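# Geometric and topological summary
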Amino acid sequence: MKIWLFGALNGRKHCFSTMSSVASQVHYKKAIMENGSRKWGFEGKQGLKAASAITVRGVLNMLMEALNKEDSRSVIPLGHGDPSHFPSFRTAAAAEVAIIDSLRSAKYNCYAPTVGILPARRAVADYLNRDLPYKLSPDDVYLTIGCTQAIEIALAVLSRPGANILLPRPGYPYYEACASYNGLEFRHFDLLPEKDWAVDLNAVESLADENTVAMVVINPGNPCGNIFSYEHLKEVAETARKLGILVIGDEAYDNLAFGSTPYVPVRALGSTAPVLTLGSISKRWIVPGWRLGWLVTSDPNGILQESGIIESIKGFLNISSDPATFIQAAVPQILGNTNEEFFSKIIHMLREAADICYTRVQEIPCITCPKKPEGSMSVMVKLNLSMLEDINDDMEFCLKLAQEESVIVLPGVAVGLKSWLRITFAVEPASLEEGLMRIKAFCQRHAKKH
């Protein structure tokens with residue numbers, strides 16, 4: 001019988017001996033006597049600073065501060081995955097109507113159950129079931145404040161003392177931040193650019209030990225723009241089963257696939273190894289500000305229930321915030337009434353933008369793209385620093401680019417890969433063309449003179 005190595009975090013018991021209590025009182029009174037006044041008993045939590053050392057938002061804010069305020073040209077944002085600012089990426093009319101109907105009904109100004117309201121959970125289960133060989137029920141669905149809170153919950157319930165988690169490199173740095181905050185050790189396995197960003201499964205097996213609880217798989221890929229094949233996902237799930245760990249399937253960009261590789265969600269492999277599916281309406285509906293996501297237990301074999309993970313998820317939700325109730329109430333209409341024409345339009349725009357990005361990058365000598373993006377909204381490109389003067393790393397490249405060209409691109413170090421760049425192509429085509437032209441001009445200006 002397979003022994004699964006993950007389990008829910010138990011509440012820590014704090015015991016204080018009488019001797020230590022007396023000693024601390026003596027120390028406290030001594031401090032008062034020496035200073036003549038009481039010492040302030042609070043201070044900032046040091047772990048928070050370390051946990052947030054490098055985040056996408058933090059780096060983007062730094063780049064925005066580097067902009068030249070005297071440059072009259074418009075700023076071109078190729079560093080973040082939020083195309084909602086652009087008119088052509090407006091959300092579906094059905095989604096807007098759903099929100100209006102929910103508000104005007106005056107039925108959803110109340111608190112919601114901590115797991116989410118039942119009609120919304122049923123709608124999410126039905127929506128996800130379209131791509132599954134087994135059936136989810138509403139009880140498998142927990143509504144969250146975007147996919148971000150789903151990440152927080154998943155890592156919090158797995159962070160027992162001594163545990164570790166396996167994260168992709170490059171990846172989404174919020175996982176590292178949450179792991180650090182929860183005292184959960186993280187270890188990186190590489191995604192291999194020469195193999196279409198496939199998971200290095202040999203590395204996964206080498207990194208895992210008896211304290212490994214999970215591995216994270218992001219599909220469609222952020223930041224690489226890749227789509228994992230069914231065959232590769234099956235190998236990933238079989239490896240997880242062999243190691244006795246669960247898979248966290250990050251599906252924030254679910255169904256945003258436009259290449260030759262058919263999209264298969266990670267949750268489809270839940271029968272092989274238990275999967276915690278993380279998703280939201282943010283990307284596919286282009287509404288990241290609505291903050292509506294979900295955590296779903298894709299586990300037809302009931303392993304997550306037996307291990308206590310389900311109860312821990314519910315426990316976390318009992319002491320945390322919920323998505324706005326009127327947003328939850330709109331979910332059945334959003335998921336059920338959005339027509340295929342809207343989705344096809346978004347896919348067409350992303351495919352067109354990916355083509356432009358890939359073609360224009362090939363015209364820039366110091367940047368190479370190992371794989372044309374097939375999904376999500378971004379792509380990783382390699383920076384050849386040996387071809388540039390007075391630029392030492394990817395962060396300096398991006399800072400000078402912002403200052404000189406008013407173009408924002410994310411340095412690879414922010415997603416775990418030095419000497420690379422993450423370019424987001426989900427912008428208006430004209431802005432994308434202009435931004436890549438400015439990058440080309442920047443590289444030509446800083447090229448080494450032979």
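What counts and what doesn't
Residues numbered from 1 in each chain as written. Predicted model: local features only at pLDDT ≥ 70, side-chain atom pairs only at ≥ 80, totals over all residues. Heavy atoms only, no water. Pairing = 2+ DSSP bridges. Helix = DSSP H or I, 4+ residues; strand = E, 2+ residues; numbered from the N terminus. Contact = heavy atoms within 4.5 Å. Axes fitted to C-alpha atoms, helices over the stretch in contact; angles between N-to-C directions. Expected span 1.5 Å × (residues − 1). Buried < 20%, exposed > 50% of the residue type's maximum accessible area, 1.4 Å probe, protein only. Core = buried A, V, L, I, M, F, W, Y, C linked by side-chain atoms within 4.5 Å. pLDDT = per-residue confidence, 0-100. Left-handed = near helix turned anticlockwise from the far one by under 90°. Nonpolar A, V, L, I, M, F, W, Y, C, P; charged D, E, K, R; others polar. 1 Å grid on protein atoms, 1.4 Å probe; cavity = no way out; pocket = protein on both sides within 12 Å on 5 of 7 lines; lining within 4 Å. Points joined across faces, edges and corners; volume = space filled by probe spheres on them.

### Observations regarding the sheet that holds strand β8 (residues 275-280)
Ordered by their spatial adjacency, eight strands build an open sheet running β2-β9-β8-β7-β6-β3-β4-β5, and the pairing between neighbours is mixed. At either end of the open sheet lies a strand with only one pairing partner, and these are β2 (141-144) and β5 (198-199). Here strand β4 (residues 185-192) pairs with β5 via two bridges, running antiparallel. Each residue of the ladder has a partner; that of leucine 191, found in β5, is valine 199. Sheet strands touched by helix α5 (residues 118-129): β2 and β9 (293-298). Its angle to β2, the strand with the most contacts, is close to 110°.

### A closer look at α5
Count 3.6 residues to each turn of an α-helix, and residues three or four apart come out pointing the same way. Across its twelve residues, α5 extends 16 Å between first and last C-alpha, which sits within 8% of the 16 Å expected from 1.5 Å per residue. Within α5, burial applies to Ala120, Arg121, Ala123, Val124, Ala125, Tyr127, Leu128 and Asn129.

### Concerning the nonpolar core
The biggest cluster of nonpolar side chains holds 148 residues, and the ones touching the most others in it are Met215, Ile248, Ile367, Phe397 and Ile439. Here this core gets eleven residues from one element, more than from any other, and that element is helix α13 (residues 340-361).

### Some remarks on the confidence of the model for the chain
Residue-level pLDDT values for the chain average 93, and 93% of them are 70 or greater. This stretch, residues 12-19, has a pLDDT under 50; its non-local contacts, to residues over four places away or in other chains, come to two contacts.

### Regarding the environment of alanine 252
Within the element layout of this structure, alanine 252 appears in the loop between β7 (246-250) and β8. Each C-alpha atom, one on alanine 252 and one on serine 344, is 18 Å from the other, the two residues being 92 residues apart in sequence.

### Comments concerning the environment of proline 262
Checked against the element boundaries, proline 262 lands in the loop between β7 and β8. If near-sequence neighbours (up to four positions away) are discounted, proline 262 is found in contact with Ile227 and Phe228.

### A word on the packing of helix α4 (residues 93-104) against helix α12 (residues 325-337)
For any two helices packed against each other, the geometry is given by the interaxial angle and the distance between the axes. Running from amino to carboxyl end, α4 crosses α12 at an angle of 145°, the nearest separation of the two axes being 8 Å. At the point where α4 passes α12, the crossing takes the right-handed sense. Contacts between α4 and α12 involve Ala94, Ala95, Val97, Ala98, Ile99, Asp101, Ser102 and Leu103 from the former and Phe326, Ile327, Ala329, Ala330, Gln333, Ile334 and Asn337 from the latter. Its residues placed into classes, the contact of α4 with α12 shows eleven nonpolar, three polar and one charged.

### Remarks on the environment of alanine 8
Residue placement: alanine 8 occurs in the segment before α1 (18-35). When the C-alpha atoms of alanine 8 and isoleucine 313 are compared, they prove to be 8.8 Å apart, with 305 residues separating the residues in sequence.

### A few points about the layout of surface pockets
The volume enclosed by the largest pocket comes to roughly 1,200 Å³. Residue lining of the largest pocket: 39 residues in total, with Val56, Arg57, Thr148, Tyr172 and Tyr174 positioned closest to the centre. Looking at the lining of the largest pocket residue by residue, the classes come out as 20 nonpolar, twelve polar and seven charged. Contributing to the lining of the second largest pocket are 17 residues, with Ile54, Pro173, Glu176, Phe186 and Ala414 lying nearest its centre. When residues of the lining of the second largest pocket are traced back to their parent elements, those giving at least two are α2 (46-51), β3 (164-169), α7 (174-181) and β4. No other element matches α7, which puts three residues into the lining of the second largest pocket. Residues of the lining of the second largest pocket, tallied by class, amount to eleven nonpolar, four polar and two charged.

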